Each structure stands twice: as C-alpha cells, then as structure tokens.
Amino acid sequence: MTDQALGITIDGAAVPCQAGDTVIDAAHRAGVYIPHLCFHPEFGPHGSCRLCMVKAGGRYVAACTTPATPGMSVESDTAEIKELRLRITQMLFVDGNHFCPACEQSGQCQLQATAYGLGMQDLHFSPSYPKKAVDASHDEMLLDRDRCIQCNLCVRASDRVDGKHVFSLGGRGIETRLMPNSASGLLRDTEFSAEDRAAHVCPVGALLFKHDNYARPIGRRLYDRTSIDRIGNRRADDAAPGGSAP
Amino acid sequence: MSTTNLETAVGNQPLKRVVIDPVTRVEGHGKVTLLLDEDNRVQQARLHIVEFRGFEKFIQGRPYWEVPIVVQRLCGICPVSHQLAAGKAIDQIVGAQLSPAATKLRRLLHWGQVLQSHALHFFHLASPDLLFGFDSEVQKRNIFGVIAEHPTVALEGVQIRRYGQEIIKAISGKKIHGVVVMPGGMNKAMKPEEVKTLAAGIGEIVGFCVKAVALAKRLYQEHRNRHEAFGRIESPFLGLIGPDGELELYDGGIRVKEADGSRFVDQYPCNDYMHLVREQVKNWSYMKFPYLIDKGPEYGWYRVGPLARLNNCDRITTPLAEAERVGFLAAHQGLPQGALAYHWARMIEALHCAEAIREMLGDPDLMSDDLVRIGERHFEGIGVIEAPRGTLFHHYEVNDEGLVTRANLIVSTTSNNQAMNESIRRVAIDRLNGANLTPELLNEIEVAIRAYDPCLSCATHAVGRMPLVVELEAADGTRVGAISRDEAGTIAIG
C-alpha cells in the first residue's frame, strides 16, 4: 500500500511510495519513466548501467539503488542529466559491437530505444571494437556477447526465478564477459532452456532464440510507433513466460 | 582495334594518364583510368571499383538467419534482391519448401524492386544523356534538367519508382532495407487495404511503363547508327530462365546464349553454378572477373541484366511486354549487342513487372497466413535471383551450430565487370582516340557504364554533380594539365 506521507517528488511532481521503495520502484509504480536498462521490477536493484542516474540532495545517485526517503526531491528530466545519460548510452554502444540495422531485436531493443529517446545521433566516443565470442553451442539459444551490456538481468533471472544459476559475469574491467556456468564455459553444457525466465529478460539482443527469427514485422515491434519515454516501463518481455503484465 | 587489347598497355613508350574519378550519376564509387600516347591514342582503359565490400568475410561467424537482413545492406537500390537471394539460400539450409503465399509475396516484392530500380536507372540516372545528348551542357545533364525540360517524362519516372517502392514498403515494412524474409518464408502477409490501394494505382503505372518503353525505343531509334554502335561489344549472355523458356526474375534454371544466339547451356541447375562460373582476380581491381569455366577467362566472360534476359528468353508471360520484346528483337539483326540497347530492354522489363504486379494483386494468397515452412536442416544453401542489373548468386555454408562458415557472392555488377571494361574501351577507341579530351567526351565513358549499372559498389551514395578532377600527367608523373568540376558544376581547365 502506498503512503502519501512517504512520498517523494520527481521533477516537482508528487510520487507516492511504499516502505522499502527505491526511487525507481516508486517512479515505476507511478508510471513515471526514468531511463534504465539493468533495472527490472521483478529482479531487484543492480546499479550497473547507471542510466537511471538522478539528482537528489545535490548528488548524482542511481535511482534503482537509492531508497526513496520521505520528502525527497528528485531531479530526473533535466538537460544536465539527459546529457549524462546520453554519454552513458554512447559508452554502452562503443563497449560492444552493435549493428542495429540488421539486428533482429531492432525495434524491440531497450538500448536502441533509449538511444533514440535521448536523441543519440552518433557514438561520440571512439568505438573499441572489442572481440567478443559468439556462443552458438546451445540447441535453442544463441549468446551474442557483441550485444551484451552486462546488465546482469539473465544472471538474476536464472538465479532467482529459474534456480539454475546458468550465468555469471566473468573477467574484470573491460574484459568482463557474460559467461555460462559450465566446465566447458559453453551454454550447451548448462541447464539453460528457452523456457527459462532468463531467456526472456535480455533488454538487448544478446540472448536470442534459434527459431522464429525476425518473425515480428516492422510496424508491430514495441518501439516502432512510440518512443520508450512514452511507453515508459512496459517491456518487450512483458508477455513472456512469467513476465509482468504491461 | 580489339577492346581486350586495351586492358594493359604494351611497350614502354611514355604515356599520359587520365583519370575519371569518381564516375558520376552512379551509386557507389567507380574510377576510370586511361593511358594515352603522345598522339592521344588510347593504349589502356580500365574501370576500377575502388571499394572493398567484404561482406563475404564479415558474415562469417554470424547466425544464418541474420544473413538476408545483413547482406541486403550491400546496396541501397536493390536491397530486396539481396534479401531474397540470401533468403532463398537460407531456405535450403532450413530445408524449406515455401508455401504458395510466401512465394507469391516474394515474387510481388521482387517485381516492385525491379520496377523501382529500373525507373531510377533509366529516368533519374541515364535519361539526361539520352534526352539532351551525351555532349549537352553539363549543367542540365541531370534529373533536375529533365524535370525542367521534360516534366511529364520526369514525373512519370518518379511515379513509377514511387509505386515500386510502395510495393516494397507494403510487404517489407520499409521502402529501403525492410525486414520480411525469414528462414522458410515471410514474416507477414499483406492487408486487404494495402492490396486494394496498390491495385487502384497499378493501371496508371502500366500506362506510364508503356510510354517509358516508347520513349526508350524512340531515343534509341532516333540516333540508331550511333546508339547501336556505342560501346558495342559481343559476348555470351547469362541469366535465369523459366521452365518453358519464359523471362524469369525470381527463380529458374540458368541459360547461357552465345553471341550468335546458339545455346551454350540451358536449364543449368543454380546449385551447380560453381561448375559453370568461376571468378578471376586481377591485380588492378577490387572486383573479380567471372567467366564461364569451359571457355576460360579470356573468352568466357559474359553479360547479365536486362539485355541478357531479353536475349535469352523465348517469351515474356505478360502480353504488353511480350509484344515489345518481339519488336525489340525484330529491330535488330541477330541478338542486340550494343550497350545502349540495355535501356530499351530495361523499360520492357519495367513494363513486364507492372503487368505482373497487376495480375498478382488479384491473388488472395497475398493475404494468407501460411507463411513459414521449415524442413530438415542442411549445411549449405545457394540462392540465385535476377536482380535488376542481372544474375545474383548467394552461396553460404553453415556449421551444426547455425553459424556461417563460408560465403560467396557474385553480384550482378561483378558479372558485368569485363563487359563494362570492354564497352568503355570501345568508346575510348571510337570516340576518344586522338581527340582533345573534353568533359563532354569523357562523359561518353560514363554513358557506357550507366548503360549497365547505376550502382557500382553498392551503398555509397553519390548522385549528380559530384566534384570531378581529370588530370593529365606525363608518363614520368609530371602534371600536364587538368579539367575540374566543382560542386556547383563549374568547369575549370588548366
């Protein structure tokens, strides 16, 4: 139950809260969109993508890890913060190898939609063209690390919903990679299944099914007709097994 | 003088080097180099495609289902053809026998592609030369000049192209680089309202295409001797053919006719193309030189595209285009061979596409949901299609994880590589030999290239008055003189 007494304001608008809410929990429930990638309402905070950066009490904080305290005044939709989010998004692009024009998640991808939403026109930073191996060993699923933004959502979904612990993030710094937890390091040697919740939460195109590819036509994709800031917190995986209702 | 002898200059006499860079009113970046002796006689002429595509390499390691969508980015004019050729190859990998609905949607999509591309090629890029003359003022030798002086011609050309693009958009979601081909089929049917709208407009487009054929024929016939001889070479012709010898753009067997009209092969299976055609590499071009294996590289080069298709087929299945085909052949003794005959043939094909679209739009299968059929997995797929500029080969191998391990593409431009080189050499011999070089004369080299192809290397975008510098150098590299054209079209000599 929300409690107005616990409420906060986001860009001057009152947002009710529940005890234990983070800023993004409260915003999400109230339909206020704060850009995010690693946050998912089912899987708790992670704080890695930094896209939900807001300003509270004169400090930049991640909305997904910052508790909503009564009377808190949060700035989100300001030019200054949008500029920061744009740079963060551009860094995510140059950290991978993203080729949106041919990606089957184009139009469904949160990273792409966020970039459009922030008005991203170029990479700004020099591309790093990292070498990241594709793991196509699994019969049903393909892991394309070129597109992985290391949001940890598949890790959390596999741990907390599927109970399989299929994934983890291995390596350090710029060498960090999404790794299947198997002796061979290959997806085929895990218990991963296309029915798993973890197979449906990727916000980009890093985890792809090996069937029905490109089945969703242009015009029927989530972000084809409406920008992500208007769609808000509805996600491409909402209709997936175990997904939250739109 | 033989044109082939001009591939490489012989002897060590001092030669002047003339470069046309870039070739204009074509998409992509091409360059022509000429070597002239002291009397301005051409000793060497080469067309270079100066971009490296590399798609065959960087598609390796990607999942097979991405291929049609990735490789269509080869081109901004005929991406549909690449998407479909790759799609046909991937169908084989998933063991698909397409449903009637998917096949009809693909055929319709491709007719839209060929229609819009042919309109762009003829009206936007080539017609300024044909309407105003090769040596006309450079300021008006572009589509804007056509709009100013021949507004009806220009408008109808634009309308034909627009209609073809509307077909593409209705089926694939976008006019350029849509996404519709899936392994084993298509991802959506057409909506009844889309079919209704397109059907309402096709009658007018057929009419425009009838006029376009008449225009292409008139322009060719008005300067018959010159146009027939311009860039004329003789070669075999290669293309797909339907089961009854009919003109076929989407699927069929391969027919090759000799220059004298006799058949070299007929109904040759596309999946055996590697036993029919091989590619030669030359150290001066990024583009390979395909040839018929049994004839060898020297005599085995061939031509593809509208002229090849019309010379190859026994008939066209649509009545208006068939009547024009009969007239086209009757106007020539033997097979038409001149480079500019391509334009006439091109407009006959545009008319065929419009007629075929009109017929197909009455088929209820276009709205069927029976769109995808998957069979037993294979590890190799070959898709061959007739792209607007000619026969297009896509060949892929995949591993048991579904990743591409090998790719080979022979695009239409590549098949016409030797032919374009031969035609510019013909023009160089006939028109440039011993003459003082002028921009107008150099345009004739470009006219020959445009007859074959408006998009040399796919997906760079340069249309119209590109800056151009032609430099004359002595054999020792000393600059003798130059002609330049800036972005405003101003010519400077000196």
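Calculation rules
Residues numbered from 1 in each chain as written. Chains lettered and ligands numbered in written order. Predicted model: local features only at pLDDT ≥ 70, side-chain atom pairs only at ≥ 80, totals over all residues. Heavy atoms only, no water. Contact = heavy atoms within 4.5 Å. Buried area = accessible area lost by both parts, 1.4 Å probe. Salt bridge = Lys/Arg side-chain N within 4 Å of Asp/Glu carboxyl O. Polar contact = N/O pair within 3.5 Å; in protein donor to acceptor, adjacent residues only side chain to side chain. Nonpolar A, V, L, I, M, F, W, Y, C, P; charged D, E, K, R; others polar. Helix = DSSP H or I, 4+ residues; strand = E, 2+ residues; numbered from the N terminus. Expected span 1.5 Å × (residues − 1). Buried < 20%, exposed > 50% of the residue type's maximum accessible area, 1.4 Å probe, protein only. Patch = residues over 30% accessible without salt bridge, like charges linked within 9 Å, V, L, I, M, F, W, Y side chains within 5 Å. Areas by Shrake-Rupley, 256 points an atom, 1.4 Å probe, with all protein chains shown as cover. Lys, Arg positive; Asp, Glu negative; His and termini not counted. Charge placed at Lys NZ, Arg CZ, Asp CG, Glu CD. Pairing = 2+ DSSP bridges. Phe/Tyr/Trp six-rings, centres within 6.5 Å; stacked < 30°, edge-to-face > 60°. Lys NZ or Arg CZ within 6 Å of the ring centre and 35° of its normal. Domains from an automatic or database assignment. Core = buried A, V, L, I, M, F, W, Y, C linked by side-chain atoms within 4.5 Å. Disulfide = S-S within 2.5 Å. pLDDT = per-residue confidence, 0-100.

1. Comments concerning the interface of chain A and chain B
Right, so step 1: On the chain B side, the residues contacting the 22 residues of chain A number 19 residues.
Right, so step 2: A buried area of about 1700 Å², summed over both sides, lies between chain A and chain B, and 61% of it is on carbon and sulfur atoms.
Right, so step 3: Per-residue buried area on chain A facing chain B is highest for N213, Y214 and I218 of chain A; these three make up 35% of the total on that side.
Right, so step 4: At the boundary of chain A and chain B, one finds three salt bridges.
Right, so step 5: The shortest N-O distance in the salt bridge between R62 of chain B and D146 of chain A comes to 3.9 Å.
Right, so step 6: Counting across the chain A and chain B interface gives five residue pairs in polar contact (both at pLDDT 80 or more).
Right, so step 7: Its residues assigned to classes, the side of chain A that touches chain B comprises 11 nonpolar, two polar and nine charged.

2. Quick look at helix α12 (residues 341-360) of chain B
Right, so step 1: The first and last C-alpha atoms of α12 of chain B sit 29 Å apart over 20 residues, in line with the 28 Å expected at 1.5 Å per residue.
Right, so step 2: Counted residue by residue, α12 of chain B has 18 buried out of 20 residues, so it is predominantly covered.

3. Here we look at the environment of R156 of chain A
All names here are of chain A.
Right, so step 1: Within the element layout of this structure, R156 appears in helix α4 (residues 153-162).
Right, so step 2: R156 sits in the buried class, given a relative accessible area of 2%.
Right, so step 3: Taking C-alpha positions, R156 is 11 Å from A199, a pair spaced 43 residues apart along the chain.
Right, so step 4: Setting aside anything within four residues of it in sequence, one finds R156 in contact with C38, F43, G44, P45, H46, C151 and V161.
Right, so step 5: A polar atom in the side chain of R156 sits 2.8 Å from the backbone oxygen of G44.

4. What to know about a positive patch on the surface
Right, so step 1: Together, R220 and R225 of chain A together with K169 and K191 of chain B make up a region of like positive charge exposed at the surface.
Right, so step 2: Tracing the backbone shows K169 of chain B in helix α6 (residues 151-172).

5. As for the sheet that holds strand β6 (residues 134-135) of chain A
All names here are of chain A.
Right, so step 1: Sheet architecture is open: three strands sit in the order β6-β7-β10, paired in antiparallel fashion. Edge positions in the open sheet fall to β6 and β10 (207-209), since each of these has one partner strand only.
Right, so step 2: Sheet topology places β6 next to strand β7 (residues 141-144); two bridges connect them, and they run antiparallel. The residue of β7 that forms the bridge with V134 is D144.

6. Section: the packing of aromatic side chains
Residue and element names in this part refer to chain B.
Right, so step 1: The final tally for this structure, using the stated rule, is nine aromatic pairs over all chains.
Right, so step 2: Look at Y220 and W344: their rings are 5.4 Å apart centre to centre, the planes differ by 55°, and that puts the pair in the tilted class. Taken as a pair, Y220 in helix α7 (residues 192-222) and W344 in helix α12 lie far apart in primary sequence, 124 residues in all.
Right, so step 3: An aromatic cluster is present here, built from Y220, F328 and W344 joined pairwise through their rings.
Right, so step 4: Taking NZ or CZ as reference, K88 lies 4.8 Å from the ring centre of Y250, over its face.
Right, so step 5: The residue whose ring lies beneath K282 is F289, and the NZ or CZ to ring-centre distance is 4.4 Å.

7. Here's the deal with the environment of H275 of chain B
Right, so step 1: Along the polypeptide, H275 of chain B turns up in the loop between β8 (263-268) and β9 (277-280).
Right, so step 2: In the structure, H275 of chain B is positioned 217 residues away from F58 of chain B in sequence and 25 Å away in space, judged by C-alpha atoms.

8. A word on the domain arrangement of chain B
Residues and elements named next belong to chain B.
Right, so step 1: For chain B, the assigned domains are domain 1 (4-52 + 420-493) and domain 2 (55-415).
Right, so step 2: At the boundary of domain 1 with domain 2, total buried surface from both sides reaches about 3300 Å², with 61% on carbon and sulfur atoms.
Right, so step 3: At the surface where domain 1 touches domain 2, the tally comes to four salt bridges.
Right, so step 4: Ionic pairing is found between E7 and K282, a salt bridge with its closest N-O pair at 2.8 Å.
Right, so step 5: Looking at the side of domain 1 that touches domain 2, the elements with two or more residues in it are β3 (42-49), α14 (417-432) and α15 (439-452).
Right, so step 6: Per-element tally for the side of domain 1 that touches domain 2: the top contributor is α14, with nine residues.
Right, so step 7: The residue inventory of the side of domain 1 that touches domain 2, partitioned by class, reads 17 nonpolar, six polar and 16 charged.

9. With respect to the environment of G305 of chain B
Residues and elements named next belong to chain B.
Right, so step 1: Take G305: it is sitting in the loop between α9 (296-299) and α10 (306-312).
Right, so step 2: Sequence separation of G305 and K31 is 274 residues, and the distance between their C-alpha atoms is 21 Å.
Right, so step 3: Other than its neighbours up to four places away in sequence, G305 contacts Y342, R389 and G390.

10. Considerations on the pattern of salt bridges
Right, so step 1: A complete count under the given rule lists 47 salt bridges over all chains for this structure.
Right, so step 2: We note a salt bridge from E444 of chain B to R431 of chain B, for which the minimum N-O separation is 2.7 Å. Taken together, the residues span a long stretch of sequence, with E444 of chain B in helix α15 and R431 of chain B in helix α14 at a distance of 13 residues.
Right, so step 3: Each of the salt bridges in this network shares a partner with another, and the network as a whole consists of D144, D146 and R147 of chain A together with R62 and E66 of chain B.

11. Brief notes about the nonpolar core
Right, so step 1: By size, the foremost hydrophobic cluster in this structure holds 112 residues, and its most contacted members are L115 and I445 of chain B.
Right, so step 2: Residue contacts for L115 of chain B: discarding those within four places in its chain leaves I160, Y163, G164, I205, C209, A350, C353, A354 and I357 of chain B.

12. So, the state of the cysteines
Right, so step 1: The final tally for this structure, using the stated rule, is zero disulfides over all chains.
Right, so step 2: Take C100 of chain A: it sits in no disulfide, and the sulfur closest to it among the cysteines is that of C109 of chain A, at 6.2 Å.
Right, so step 3: Residue C100 of chain A is classed as partly exposed on the basis of its relative accessible area, which comes to 24%.
Right, so step 4: In this model C75 of chain B remains outside any disulfide bridge; the closest cysteine sulfur is found in C78 of chain B, 3.5 Å from its own.
Right, so step 5: Under the relative-accessibility criterion, C75 of chain B is labelled buried at 0%.

13. Quick word on the confidence of the model for chain A
Right, so step 1: Summing up the model confidence of chain A, the mean pLDDT is 91 and the portion of residues at 70 or higher is 92%.
Right, so step 2: Counted against residues more than four places away or in other chains, residues 241-246 of chain A, with its pLDDT under 50, gives 14 contacts.

14. Observations regarding the pairing of strand β6 (residues 237-241) of chain B
All names here are of chain B.
Right, so step 1: Burial analysis of β6 places five of its five residues in the buried class, which makes it a mostly covered element.
Right, so step 2: Note: β6 against strand β7 (residues 253-257), five bridges, orientation antiparallel. Bridge assignment links L238 to a residue of β7, and that residue is V256.

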